[in-house]
Amino acid sequence: QSVLRLFNRSGFAYEGNGFVYDFELKYNIPAITARVSLNNGTEFEGSFLVDTGSKSELLISSPTVISYNLINHVGDNYVLRTKLGSSQKRVKIMYGRIAGFNFAGEEFTNVPVALNSTTEGVLSFENINGIVGNKILSRFNITFDYSNEKIYLEPNRSLNNTFKTNAAGMSIYFKNGNPYVKDVVDRSPASRAGLKNGDQLISINGELVENIDSKTLRNSFYKQGQQLDIVIKRNGRFKYTEVKLQELI
């Protein structure tokens, strides 16, 4: 619940009863073993990075995508060219869902995934199968014990929440404190509503965005089936439109 506790490493002793992962550092990032279940019944275990800051559910590395032909086993999907990682290089990513992901002793089902095609960075390495993002990690209270290479995970009240995906087909970035539209997906609700990359958001459902915190603003686009009345600013002119939210995957 947005609480960070720091411990003195010399005297730390874990006293909880959570799931314990032994990890190894790969490229100075902790990596654990987890199991993926595909929609065609195939299962595989792999090495997944954690504690990276990724805000996704699960990212799959490009060699793993190729090895298991994942492009044909993620159900309904869409493709987006977006900037990735610290390099901010634009790459093509396919978004879909897998049948299951076994992590920290829990089996998550119908999990959204991002399939990478990058040729640079850790998601292009053969010995990395992917990254576990914060939308899975946040379902646990986690202690990272780097000194002893252990991770302790205790399920919290978010554990069984349904995985929700952006139902507008767009993302938001902030510039000088103002929210702007980016990554509009072709034939998505945002695209059909006429929104374009670079549009500045002015209001949602009659409320000025300057009065809405960033988390609430982003969550507005995850409300499946609802309609958003949006005012944007483009080239100095205001425009009103309606976005009827519908999940893409």
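Computed from a prediction, not measured in an experiment: that's the story for all the values here. (Residues numbered from 1 in each chain as written. Predicted model: local features only at pLDDT ≥ 70, side-chain atom pairs only at ≥ 80, totals over all residues. Heavy atoms only, no water.)

A.B. asks: Could you clarify how one ought to interpret the pattern of salt bridges in this entry?
C.D. replies: Opposite charge on two side chains permits them to pair, given that their charged atoms come into close proximity. Evaluation of the coordinates by the stated rule reveals five salt bridges. Close ionic contact of E247 with R97 constitutes a salt bridge, the shortest N to O distance being 3.8 Å. Of this pair, E247 sits in the segment after β17 (237-244) while R97 sits in strand β7 (residues 89-103); the two residues are 150 residues apart in sequence, bridging distant segments of the chain. Overall, the relative accessible area of 9% leaves R97 in the buried class. D199 is paired through a salt bridge with R234; the nearest N and O atoms lie 2.7 Å apart. Of the two residues, D199 is situated in the loop between α3 (189-192) and β14 (200-204) and R234 in strand β16 (residues 227-234); the sequence distance between them amounts to 35 residues. A relative accessible area of 2% means that D199 is categorised as buried. By relative accessible area, R234 is classed as partly exposed at 22%. When salt bridges that share partners are traced, they join R35, E43 and E107 into one network. (Salt bridge = Lys/Arg side-chain N within 4 Å of Asp/Glu carboxyl O. Helix = DSSP H or I, 4+ residues; strand = E, 2+ residues; numbered from the N terminus. Buried < 20%, exposed > 50% of the residue type's maximum accessible area, 1.4 Å probe, protein only.)

A.B. asks: Looking at this structure, how should I read the nonpolar core?
C.D. replies: A general trend in soluble globular proteins is that nonpolar side chains are found buried together. I32, F48, I98, F101, F103 and V132 are the most contacted members of the largest nonpolar core, which totals 31 residues. Put simply, the parts of the chain that give this core at least two residues each are β3 (29-37), β4 (43-49), β5 (58-60), β7, β8 (106-116), α2 (134-137) and β11 (150-155). Setting aside its immediate chain neighbours within four residues, F48 contacts P30, A31, I32, A34, V36, L58, I60, F101, N129, G130, I131 and V132. In this structure, A190, L195, F221 and L228 belong to the second largest nonpolar core, which totals 20 residues. (Core = buried A, V, L, I, M, F, W, Y, C linked by side-chain atoms within 4.5 Å. Contact = heavy atoms within 4.5 Å.)

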